[in-house]
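The chain contents come next:
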Amino acid sequence: MADTLPPVERRLDLLAGALDRARRYDTGFIAFIIYRAESARALFENILVNRLRTLNQRARRMWFQPDSPPAAHDLLSRLLETPPAADEVIFVYGLQHAFPGLLNALNYRRELIPDHRWRLVFWALDDEATRVMRDAPDFWAFVNQVLEVPEVPPLEERAQLAGTLAWAGMDDSEIHNLMPAERRARIALRERLLDELPESEDTQSTRADLHYTLAGLYWADRQLGKAEEHAQAALALAQQMDDAELHARVMNVLGLIYADLPTGDRAANLARAIACYEAALRFRTPEAAPLDYAATQNNLGNAYRNLPTGDRAANLARAIACYEAALRFYTPEAAPLDYAMTQNNLGLAYADLPTGDRAANLARAIACYEAALRFYTPEAAPLDYAMTQNNLGEAYRNLPTGDRAANLARAIACYEAALRIPNLSPWEEVKYWSNLADVCREQGQVDAAIEAYQHAIALDPERADDHTMLGSLYELQGRLDDALREHQQAVTLEPGMGMRHGSLASVLRKLGRDEEAAAHLARARELIPPDDHYNLACLEAIAGNTDAALDHLEKALAQNPARRDWAARDPDLESLRDHPRFKRMTNERMGE
Amino acid sequence: MMVSQPEYLFVRAKTLEEAWSRFDPALPLPVGSPFYVEREDNPLGRLQRALLLARGNPPKCFFAGHRGSGKSTELNRLVDNADIRQRYWPVKFSVRDECDFNDLTYIEVLLAMGAQIFSQYRAAGGRMKDDLLGELEAWKGRTVTRLNEKGATFESGTGLDIGKFFLSALLKVKTEHITRTLVRQEIAPRVSELIGLINLMSAEVLAQSKRQVLVVIEDMDKPPLEVSRKLFEGALTTLMQPTCAIVYTVPVSIYFDPAFTHIRDNSYFLPNLKLHEKKQRAQPHKDGIRAMRAFVLARMTDTLIAGDALDEAVKNSGGVFREIAHILQRAIDNALARQSARIERVDVAWATAQIRSSFRRLLTQEDYQLLQDVREHNEVRYPERLGPLFHLLAVLEYTNGENWCDVHPALDPLLDEMGAQTAPTEA
């Protein structure tokens, strides 16, 4: 039959040309690319993306996942919410996961596509395309081009392609900064590539690569069970093939997985991680694989730094030695982002070091963070930049030397820089807001602190500390009803924390609710540990025991002079404010 | 959202690059477009006459046509016709904007009708008397109270006019399962009240504008067949009750269904263009071919396509406007990639192969046997089994003079290849 369609590459050229014409004539465009093998799809997708790039256009990918909620199946509503830019072509994948909602949306609201001049390329498996044709025929009538990639490459070629695809975009730093949807798309692609490969000796090496890269992606996606499953599969294949390099690589990933396991004995998990890294380092030597050696040394450093058992100072000293070993090869020239990561980790180790000169340690930490920020820029690694800015802010905040106000102002600038980064995870964002709030509070910037606590609480309403601090700031402003609400919330969240009751008692007393205040004070007295001098000072101050309060405060400030600024303003200590002893204690400026 | 198309899209193209955009299969044809092609046996004239000559109870008409045959274009022309506008106040809308096609009942159709009459008339500056507005408001108040008592969450008070209430009810019916049930339970036993409101509004429009309301509802042929059947079988009497003129679009399968013969007298079918006579493929039907060529040459100059390529494109379209648009846009892609200044047969062949490829994916062995039968006899011998093939446009129906059908011409090589000679057995 004379149906010899031109080769796929040429047809992709035709498609790119048509997409470009649709842009120039300001019309919508719908294309279907029907494929049978993921390896072929990924290859042709790459060709089309490159072709579009030469036409100054780019692809925006939208994946439907098996667990996509039904509300997300209406592709057209999603496009109305986040319309494509003029140079964007929408690539849609995973159609079967959105049936039948997607079919209804496309069939009944097809006019939206030409009306909004959207240009859509649907990547569909055979069955998916057939389903669309059959069940969304009115939409199908609007489809401008259909391109079939019927080829399933021969096994040898498929294995080779899959092997190449397994590694596409697997740069470590890239994995970290991937948006979750993109990460899951990469997982889905590799899972399908794996499904397409028969378990034979010919495919061993490719399957090992796919299992290994899947382990890394699942680890980055916090699906640690899946990650371990694939790592073990890769390990078994590495042993079968007697591939020491792969074995070492997998041990490194296994270390990462064990180090992050949220369940079980944390110390035991980290010990397993350390054992894995050490096994990896037997092959990953500075001579044989310097950058891999550096990667594993960095990971080993992290494991020691986080180890909750043993001598903390010794663990941190080992961590520092590991990071320094890593930095021999993770140089700014050879691996700038890895260099930045390791400098950041080294900074954390110095900041935590319980021995030596605290000021000197923090100064070293600051130098490390600043070195990291040379390469962790908002453009190159936005989330890492935010994290390092936050760490730098913490270091300045805790620095016992220099001008305290200037240090706190620097800390505020760091937190604000972190918060300017878009798409932070809620977990990170709440931490940065809370830190910013704490420093603003210490600096006496009450309104700014209130606003920052409000942001933090909006993101995570279950942070009792933030409720307490916000309550105290409201109390300072005389907003007693608001203060009461926040302190009550804090007590509800952490009823076993003594000072939550103390702070609540303080507000209740000001509101004239003495009986309730007394009950909470009694509860606080039961719960506050005898060596928690700051909170005992607050408790006694609220209870009207001035001398006892001042005694505790003196001990508290001796333990941690950084609390002096807040003590001067803390509403719980209000009854002491005019006492000469209090004035003397709070006027002794730290580090001056 | 209604989006007007740039005017240059409706100027005859002088280059292939320009021509590409003129054959966009989704390009809607506005009224007065120079691309419009007159066709033989257009039922629009008969529909217009029926509406203009109607006396007594305003007519209810049913309009059907296969996908891509130009229904929307013709209905646009109907409501824009000067004579129609002199006698009628047209209210045209699509149920797709406000209703869930998978779960569409007469209640939503009536609510949408009420919303559109009220909103479109008021948006055009039409006024309604205070006592009518009061009556609408009272009905709305009673209904909202009853619905909210049962757990719905409608806004009450005077901020929401009746049109907005109808729209808000439709939105809730579409998106909130519980409210859908409540609204239907509330309206169904009092549907005569709702029809009464529609009639009051129609009477008011007539009194104020001296024109009868003509409601034209598009896309009622789009819901799944069982939904459409339920609507036109179970609720036809209700849908006939409003005292305004109405044109309902209906699925082709209902138009031809013996169970619906009672609506045939008021039904209008927009056929595909016949390109040859029944069982005489070698004998071209000149009027059809002329219309299809006009469709092409209105959009681009004849220097852009070789004569034999145009003949081939027309033949392969099967007389369906959207099919020829598909063929030519894809053929232009190919011609441009070949760096050719005009479309040649090879380009049309490539475009047709794409259409064939889609069919190949959908058709079963049994379908091929049916298609062989259709190709041989050109008759609708197994209507139930042919239904899905009509739906896919694998079989095209022609009703010019006599009802007959043929396979989509793009399928011919496939059928030759399959060589499935066995005639289908009776199901």
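Below is a summary of the structure that appears in this document. Within each chain, residue numbers correspond to sequence positions counted from 1 in written order. As they are written, the chains are lettered A onward and the ligands numbered 1 onward, keeping that order. Thresholds applied to this predicted model are a pLDDT of at least 70 for local features of residues and 80 or more for the giving and counting of side-chain atom pairs; totals over whole chains, interfaces and linings are not thresholded and use all residues. Hydrogens and waters are ignored; side-chain quantities use all the structure's heavy atoms.

1. Thoughts on the sheet that holds strand β3 (residues 88-93) of chain A
Residues and elements named next belong to chain A.
Here comes step 1: We treat two strands as partners when DSSP finds at least two bridges between them. Secondary structure follows DSSP: runs of H or I at least 4 residues long count as helices, runs of E at least 2 residues long count as strands, and numbering of each begins at the N terminus. Strands sit in the order β2-β3-β4-β1-β5 across an open sheet of 5 strands; the sheet is parallel. One side of each edge strand has no neighbouring strand; the edge strands of this open sheet are β2 (58-63) and β5 (145-149). Pairs of neighbouring strands in the sheet enclose a mean axial angle of 20°, with direction left out of account.
Here comes step 2: Pairing of β2 with β3 involves 6 bridges; the strand directions are parallel. In this description, a line fitted to the C-alpha atoms serves as the axis of each element, helices being fitted only across the stretch in contact, and the angle between N-to-C directions of two axes falls anywhere from 0 to 180 degrees.

2. Some details on the interface of chain A and chain B
Here comes step 1: With 40 residues of chain A at the contact, the number on the chain B side is 45 residues.
Here comes step 2: What gets called buried area is simply the loss in accessible area from a 1.4 Å probe that two parts show on being joined, summed for both. Each partner contributes to the roughly 3900 Å² buried at the junction of chain A and chain B, and carbon and sulfur atoms together form 50% of this total.
Here comes step 3: Salt bridges, as used here, are contacts in which a Lys or Arg side-chain nitrogen is within 4 Å of a carboxyl oxygen on Asp or Glu. There are 7 salt bridges connecting chain A and chain B.
Here comes step 4: Of the charged contacts, one joins A:E111 and B:R96 as a salt bridge, the two residues approaching to 3.5 Å between their closest N and O atoms.
Here comes step 5: Any pair of nitrogen or oxygen atoms within 3.5 Å is treated as a polar contact; in protein, a donor-acceptor pairing is required on top of that, and neighbouring residues in sequence qualify only through side-chain atoms on both sides. Applying the counting criterion to the chain A and chain B interface returns 17 residue pairs in polar contact (both at pLDDT 80 or more).
Here comes step 6: Per-class residue counts for the side of chain A that touches chain B are 19 nonpolar, 7 polar and 14 charged. Whether two residues touch is decided by their heavy atoms; if any such pair falls within 4.5 Å, the residues are in contact. Charged means Asp, Glu, Lys or Arg here, nonpolar means Ala, Val, Leu, Ile, Met, Phe, Trp, Tyr, Cys or Pro, and polar covers whatever is left, Gly included.

3. As for helix α16 (residues 312-327) of chain A
Residue and element names in this part refer to chain A.
Here comes step 1: Expected span of a helix: the number of residues minus one, times 1.5 Å. In a regular helix each residue adds 1.5 Å, so 16 residues correspond to 22 Å; α16 covers 22 Å between its end C-alpha atoms and thus fits that length.
Here comes step 2: Listing the buried residues of α16 in full gives A313, N315, L316, A319, I320, C322, Y323, A325, A326 and L327.
Here comes step 3: Tucked into the core, α16 has its buried residues touching α15 (290-306) and α17 (336-352).
Here comes step 4: In this structure D311 caps α16, since a side-chain oxygen of it lies 2.9 Å from the backbone nitrogen of A313. The classification of residues rests on relative accessible area computed with a 1.4 Å probe and restricted to protein chains. Under 20% of the type maximum is buried, over 50% is exposed, and intermediate values are partly exposed.

4. Quick word on the side chain of B:R299
Residue and element names in this part refer to chain B.
Here comes step 1: Relative to the helices and strands, R299 resides in helix α13 (residues 286-299).
Here comes step 2: Although R299 lies buried, it forms no salt bridge, and the closest oppositely charged side chain, D24, sits 10 Å away as judged by the N-O distance.
Here comes step 3: Engagement of the side chain of R299 in a polar contact is seen with the backbone oxygen of R22, the distance being 3.4 Å.
Here comes step 4: When residues no more than four places from it in sequence are discounted, the contact partners of R299 are V11, R12, A13, R22, F23, L29 and F35. We score Asp and Glu as negative and Lys and Arg as positive, and we do not count His or the chain ends.

Function cannot be inferred from these measures alone, as they are strictly geometric.
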